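Notes for the structure review
The primary structure of each chain is shown beneath.
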2 protein chains.
Amino acid sequence: MQDRTYTEDAEPGDDVTVAGWVHEVRDLGGIAFLILRDATGKIQVKFEKDEMDDDLVETGLDVARESVIRVSGSVEEEPRAPTGVEVTPEELEVVSEADPELPLDPSGKVDAELSTRLDNRTLDLRKGEVQAIFEIRAEILRAVRKEFRAFRATEITTPKIVATGTEGGTELFPITYFGEEAFMNQSPQLFKQLIAGSNVERVFEIGPIFRAEEHNTPRHLNEATSIDFEGAFCDAHDAMDVAEGIVKAAYEAVNENCSEELEALGLEDEFEVPEGDFPRISYEEAIERINATGELDEQLVWGDDLPTEAEKALGDDVGGHYFITDWPSEIKPFYIKDHDDDEQLSTGFDLMHPRMELVSGGQREHRNEHLIEGFEQQGLDPEQFEYYTKMFKYGMPPHAGFGLGGERLIMTILGLDNIREAVLFPRDRQRLSP
Amino acid sequence: MQDRTYTEDAEPGDDVTVAGWVHEVRDLGGIAFLILRDATGKIQVKFEKDEMDDDLVETGLDVARESVIRVSGSVEEEPRAPTGVEVTPEELEVVSEADPELPLDPSGKVDAELSTRLDNRTLDLRKGEVQAIFEIRAEILRAVRKEFRAFRATEITTPKIVATGTEGGTELFPITYFGEEAFMNQSPQLFKQLIAGSNVERVFEIGPIFRAEEHNTPRHLNEATSIDFEGAFCDAHDAMDVAEGIVKAAYEAVNENCSEELEALGLEDEFEVPEGDFPRISYEEAIERINATGELDEQLVWGDDLPTEAEKALGDDVGGHYFITDWPSEIKPFYIKDHDDDEQLSTGFDLMHPRMELVSGGQREHRNEHLIEGFEQQGLDPEQFEYYTKMFKYGMPPHAGFGLGGERLIMTILGLDNIREAVLFPRDRQRLSP
């Protein structure tokens, strides 16, 4: 790579060329300092006005903040410098001059609205704490992939352009596909099941999903990253084991490999990896416990979905991650299998963070005739899904799986207030650009 | 996971429960064999008719091929069995009975058309050689991610729903986004540049891209997997180093970790990791060499794009992977930087496999005013791209990168005839389902 040393690698005694952004210039009279910032950190560049070439000093002190410069010089120890070393420059080139009127202050001294930050993401990402979120995001996805491999799952990718939606038509974005009507996929659900029914058996996918939901809340995105698993010969408890393993692996990786990033976010003291097994609470027990908190105006009855305040009350009561299992069949999708001995009771489960739902999963209906009935009950035309249901006639094993919201995972791990903080370029009702 | 042993883990002396598909039943009279297949391989189940429970024998021998069964019994050594061991069953349960009329024969004894295979992907993937392609695909993507990390690049994901296309309007799929016109993204180009301009500096993305191209060839898909890189303070040669490293890492990983899969594909003897540096041939030299082969009816002149037969002639001449560098500016996109001393000559490059183009890349234009001129020359309205160009006013470093076609990489590594073999559920002009 172009002759250049990362600032974190500059050691006393080295002659280096460093390149990066002008973070700050401090002129103290006879002496001045320029702080140069790159991907790995910052370094101080010292100007001694009387002892250096006037042009060099002038160029270094006149350059606008956030300009890109390249500095060649010698590195010396300097205990008073922020990183303990400084560069005495011999050459300084302004590579890309910045407009002095910045729409956003990357030094973080001036607060900015989220929308201003998202409109100027390049500048926003020059802030250490924002960069840290996305370095951690990459680490979480890396750890998740590794953990899925430990569960013997194969990574797949499935199409995002589809002829039919999984969850009904209202939440679909329509596309024109060579004159035909098509949609952006809401979930890899049907595709991952088709692969779990083959020799591959266990699969995972990390990819975009698209939901035309009208929700505009700090927890919803219209384009999100879904972390999906599906496993042949797995039941709901097996899928819960995998989901729990994946979530814990993400926390552990951040804890082990992201200490600098946690520090940039001010989380180094409070970060905790969840300990112990996540409790598995049946839906029936969940509504009893929620009712017992007295937090809700109206008592829940069997068959009710859980409103946000109910999730909050139970989350406060449990105090950590937990599963809600055995939901009423009627409030779970048709592809979730019912218990063999009670068709009102499904094998569906959710994995909850005290703040919000992270995962939805269950054992799947693998019996062709039951599946076709399910489509009909959901008001969907089974013929439109024949490409899917017909494969269930040729030896579909019992299988189970889940979908985990990638941004919700990142948001809850880092305690972010808004899900838009967990994605570089969020898509919501108002935001389509950048 | 449900009490079950993978067939590859069944050792003589074990009492096991194995589960999988009925691959084959061979009835030899007094003795019969059922071959059970799972994710890890096959195992023989032996029926001695006179010594076993009649119901057990009848169930085992009557079950249709590709049904899912679960067998409990003891494992014994049997040198004549395909894997050296066999199971003497004590219990046998038919978990999911298959229709005896299969649309496709997973034993591979009967050939099927590609379209039949794609319509019945679940059955198709039960063939060892098809399963092998997708296990190798996962391994390639894993190796590519690891290699990018070795180049200090951070994995990002960027939006697939966008307000504007990068490469002009004709190849875009339009979407309706809450009443607004939007498109499915053709390339993460602009987004990855916006992140390379921040502290993150080096980024990669592996994700879907969508192109409404009319091409319907064995090398084109309308939804494909793009492997993208962008690095601040990189020039075209740095980006070529990364591209070459990524391609070689993919071959090396397949060579090291996929011997069983290569065997299933019959490639164990002929598989080769490319050796030595990929030659970097200038466009000027490339057309000279192509003309010298005499393979083309008409001689190429400077400024011509290379038709398929020209790529083939040069590929045969070079005999391995190679780069074509320094393309004429006018046939490369506006965001590719020209050489400082010759604005007719771009820094754009392609990485070629002898059979086809794999990678397109170059140093990017990082100067705001030149970029705006480029948009105008391309017939695009710079105002529509203001979210992008404005970031170039605030210290955009020189940067370079590339896009690598994921399916083309897999296709060339494995010598597949059709790109549709390298993706589970291809999307082309005719195919929108499954």
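Residues numbered from 1 in each chain as written. Chains lettered and ligands numbered in written order. Predicted model: local features only at pLDDT ≥ 70, side-chain atom pairs only at ≥ 80, totals over all residues. Heavy atoms only, no water.

**Some words on the overall build of chain A**
Of the regular secondary structure elements, chain A holds twelve helices and 18 strands. Principal-axis analysis of the C-alpha atoms places the extent of chain A at approximately 90 × 55 × 40 Å. Within the span of chain A, comprising 434 residues, buried residues form 61% of the whole. Residue pairs in contact within chain A that sit at least 24 positions apart in sequence constitute 64% of those at least 6 positions apart. Total accessible area on chain A stands at roughly 17,300 Å², and carbon and sulfur atoms take up 40% of it. Mean positive and mean negative side-chain charge positions of chain A (41 and 96 charges, respectively) differ by 2 Å. (Helix = DSSP H or I, 4+ residues; strand = E, 2+ residues; numbered from the N terminus. Buried < 20%, exposed > 50% of the residue type's maximum accessible area, 1.4 Å probe, protein only. Contact = heavy atoms within 4.5 Å. Areas by Shrake-Rupley, 256 points an atom, 1.4 Å probe, with all protein chains shown as cover. Lys, Arg positive; Asp, Glu negative; His and termini not counted. Charge placed at Lys NZ, Arg CZ, Asp CG, Glu CD.)

**Remarks on the relation of the copies chain A and chain B**
For the pair chain A and chain B, the relating rotation is 180°, the translation along its axis is 0.0 Å, and the fit reaches an RMSD of 0.0 Å. Taken together, these values place the two copies in the relation of a two-fold axis. The C-alpha atom lying nearest the rotation axis in chain A is that of isoleucine 175 of chain A; the distance is 2.3 Å. The share of interface residues of chain A whose copies in chain B are also at the interface is 100%, consistent with both copies meeting through the same surface. (Least-squares fit on C-alpha atoms with pLDDT ≥ 70 in both.)

**Digging into the pairing of strand β17 (residues 356-363) of chain B**
Residue and element names in this part refer to chain B. Across the eight residues of β17, six count as buried, placing the element largely inside the fold. Where strand β16 (residues 349-353) lies against β17, five bridges are found, and the strand directions are antiparallel. Residue pairing in the sheet places histidine 353 in a bridge with methionine 356 of β17. Counting the residues in the hairpin turn of β16 and β17 gives two residues. Note that β17 and strand β18 (residues 399-405) share five bridges and pair antiparallel. (Pairing = 2+ DSSP bridges.)

**Section: the UniProt feature "site: Important for tRNA non-discrimination" (unreviewed entry) in chain A**
UniProt records the feature "site: Important for tRNA non-discrimination" (unreviewed entry) at Pro82 of chain A, using the numbering of this structure. Apart from the residues within four sequence positions on either side, proline 82 of chain A is in contact with Ile35 and Gln44 of chain A. (UniProt positions renumbered as here; feature names shortened; annotations may be inferred.)

**Let's talk about the domain arrangement of chain A**
Once the domains are mapped, chain A shows domain 1 (14-96) and domain 2 (123-279 + 320-421). Here the C-alpha centroids of domain 1 of chain A and domain 2 of chain A sit 48 Å apart. (Domains from an automatic or database assignment.)

**Looking at the interface of chain A and chain B**
Each partner contributes residues to the interface: chain A has 106 residues there, and chain B has 106 residues. One salt bridge in this structure joins glutamate 201 of chain B and arginine 4 of chain A, with 2.8 Å as the shortest N-O distance. Element by element, the count of residues in the side of chain A that touches chain B is highest for helix α4 (residues 128-150) of chain A, at nine residues. Class assignment for the residues of the side of chain A that touches chain B results in 49 nonpolar, 20 polar and 37 charged. (Salt bridge = Lys/Arg side-chain N within 4 Å of Asp/Glu carboxyl O. Nonpolar A, V, L, I, M, F, W, Y, C, P; charged D, E, K, R; others polar.)

**Re the packing of helix α4 (residues 128-150) of chain B against helix α12 (residues 406-414) of chain B**
Residue and element names in this part refer to chain B. α12 packs onto α4 with a crossing angle of 120° between their chain directions and a minimal axis gap of 11 Å. The orientation of α4 relative to α12 falls into the category oblique. The handedness of the crossing between α4 and α12 comes out as right-handed. Contacts between α4 and α12 involve Ile133, Ile136, Arg137, Ile140 and Val144 from the former and Glu407, Leu409, Ile410, Ile413 and Leu414 from the latter. Taken together, the residues of the contact of α4 with α12 sort by class into eight nonpolar, no polar and two charged. (Axes fitted to C-alpha atoms, helices over the stretch in contact; angles between N-to-C directions. Parallel < 35°, antiparallel > 145°, perpendicular 65-115°, else oblique. Left-handed = near helix turned anticlockwise from the far one by under 90°.)

**Overview of the side chain of histidine 353 of chain A**
Residue and element names in this part refer to chain A. With respect to the element layout, histidine 353 can be found in strand β16 (residues 349-353). The exposure class assigned to histidine 353 is buried, which follows from its relative accessible area of 11%. Sequence-distant contacts of histidine 353, that is, excluding residues within four places in its chain, are made with Tyr251, His321, Leu358 and Thr412.

**What to know about the packing of aromatic side chains**
If you walk through the whole model with that rule in mind, you get 38 aromatic pairs over all chains. Judged by centre distance (5.4 Å) and plane angle (75°), the ring pair of phenylalanine 334 of chain B and tyrosine 335 of chain B falls under edge-to-face. Here the two residues phenylalanine 334 of chain B and tyrosine 335 of chain B agree in accessibility, since each one is buried. An aromatic cluster is defined as three or more aromatic residues linked by ring pairs; in this entry it consists of Phe334, Tyr335, Phe375, Phe385, Tyr388 and Phe392 of chain A. The lysine or arginine in question, lysine 332 of chain B, covers the ring of tryptophan 327 of chain B, its NZ or CZ lying 4.8 Å from the ring centre. (Phe/Tyr/Trp six-rings, centres within 6.5 Å; stacked < 30°, edge-to-face > 60°. Lys NZ or Arg CZ within 6 Å of the ring centre and 35° of its normal.)

**Some details on the sheet that holds strand β13 (residues 322-325) of chain B**
Residues and elements named next belong to chain B. As summarised here, the arrangement of the eight strands in space is β6-β10-β11-β18-β17-β16-β13-β12, forming an open sheet in which the pairing is mixed. Two strands in the sheet have a free side with no partner beyond their single neighbour: β6 (154-155) and β12 (280-282). Pairing analysis gives three bridges linking β13 to β16, with the strands arranged antiparallel. Across the sheet, residue tyrosine 322 finds its bridge partner in β16, namely methionine 352.

**What about the confidence of the model for chain A?**
Residues at a pLDDT of 70 or more form 98% of chain A, whose mean pLDDT is 95. Listed scores for the predicted complex are pTM 0.97 and ipTM 0.96. (pLDDT = per-residue confidence, 0-100.)

**Some points on helix α1 (residues 54-62) of chain A**
All names here are of chain A. Turning to α1, its buried residues number three or more, namely Leu56, Val57, Gly60 and Leu61. Around the axis of α1, the buried residues are gathered within 115° of arc, so they sit on the same side. Facing away from the buried side of α1, by more than 90 degrees, are the exposed residues Asp54, Asp55 and Asp62. Looking at the buried side of α1, the elements it contacts are β1 (15-27), β2 (31-38), β3 (41-48) and β5 (85-96). Its side-chain oxygen 3.3 Å from the backbone nitrogen of aspartate 55, aspartate 53 forms the N-cap of α1. (Arc of directions from axis to C-beta. Polar contact = N/O pair within 3.5 Å; in protein donor to acceptor, adjacent residues only side chain to side chain.)

**Points about the environment of phenylalanine 210 of chain A**
Mapped onto the elements, phenylalanine 210 of chain A comes out in strand β10 (residues 202-210). Sequence-distant contacts of phenylalanine 210 of chain A, that is, excluding residues within four places in its chain, are made with Lys160, Glu171, Phe173, Met184, Asn185, Gln186, Asn222 and Glu223 of chain A together with Lys160 and Ile161 of chain B.

**Structural notes on the UniProt feature "binding site: L-aspartate" (unreviewed entry) in chain A**
Residue and element names in this part refer to chain A. UniProt tags Glu167, Arg211, Ser360 and Arg364 as "binding site: L-aspartate" (unreviewed entry). In this structure, arginine 211 is in contact with Glu171, Phe173, Gln186, Ser187 and Asn222, ignoring residues within four places of it in sequence. Looking at arginine 211, its side chain comes within polar contact range of the main-chain oxygen of glutamine 186, at 3.0 Å.

**Some points on the pattern of salt bridges**
Any two side chains of opposite charge can pair, so long as their charged atoms come close to each other. Residues and elements named next belong to chain B. Inspection of the entire model under this criterion finds 74 salt bridges over all chains. Between lysine 46 and glutamate 86 there is a salt bridge, with the nearest N and O atoms lying 2.9 Å from each other. Highlighted residues: lysine 46 in strand β3 (residues 41-48) and glutamate 86 in strand β5 (residues 85-96), separated in sequence by 40 residues. The exposure classification of lysine 46 matches that of glutamate 86, with both residues buried.

**Things to note about a negative patch on the surface**
Residue and element names in this part refer to chain A. Where like charges cluster on the molecular surface, the negative patch consists of Asp341, Asp342, Glu343, Glu369, Glu373, Glu376, Asp381, Glu383 and Glu386. When residues of the negative patch are traced back to their parent elements, those giving at least two are β15 (342-346) and α10 (368-377). With respect to the helices and strands, the residue glutamate 369 is situated in helix α10. (Patch = residues over 30% accessible without salt bridge, like charges linked within 9 Å, V, L, I, M, F, W, Y side chains within 5 Å.)

**Structural notes on the environment of phenylalanine 148 of chain A**
Residue and element names in this part refer to chain A. On the secondary structure map, phenylalanine 148 appears in helix α4. Take phenylalanine 148: its relative accessible area is 0%, and that puts it in the buried class. Sequence separation between phenylalanine 148 and phenylalanine 229 is 81 residues; the distance between their C-alpha atoms is 8.4 Å. When near neighbours in sequence (up to four residues on either side) are disregarded, phenylalanine 148 contacts Ala153, Phe204, Ile227, Asp228, Phe229, Val242, Ile246 and Phe402.

**Some points on the packing of α4 of chain B against helix α6 (residues 236-257) of chain B**
Residues and elements named next belong to chain B. Here α4 crosses α6 at 135°, and the two axes come no closer than 8 Å. Classed by the angle they form, the pair α4 and α6 counts as oblique. Crossing hand, α4 versus α6: right-handed. In this structure, α4 uses Ile136, Glu139, Ile140, Arg142, Ala143, Val144, Glu147 and Phe148 to contact α6, whose residues at the interface are Val242, Gly245, Ile246, Ala249, Ala250, Ala253, Val254 and Asn257. Its residues assigned to classes, the contact of α4 with α6 shows eleven nonpolar, two polar and three charged.

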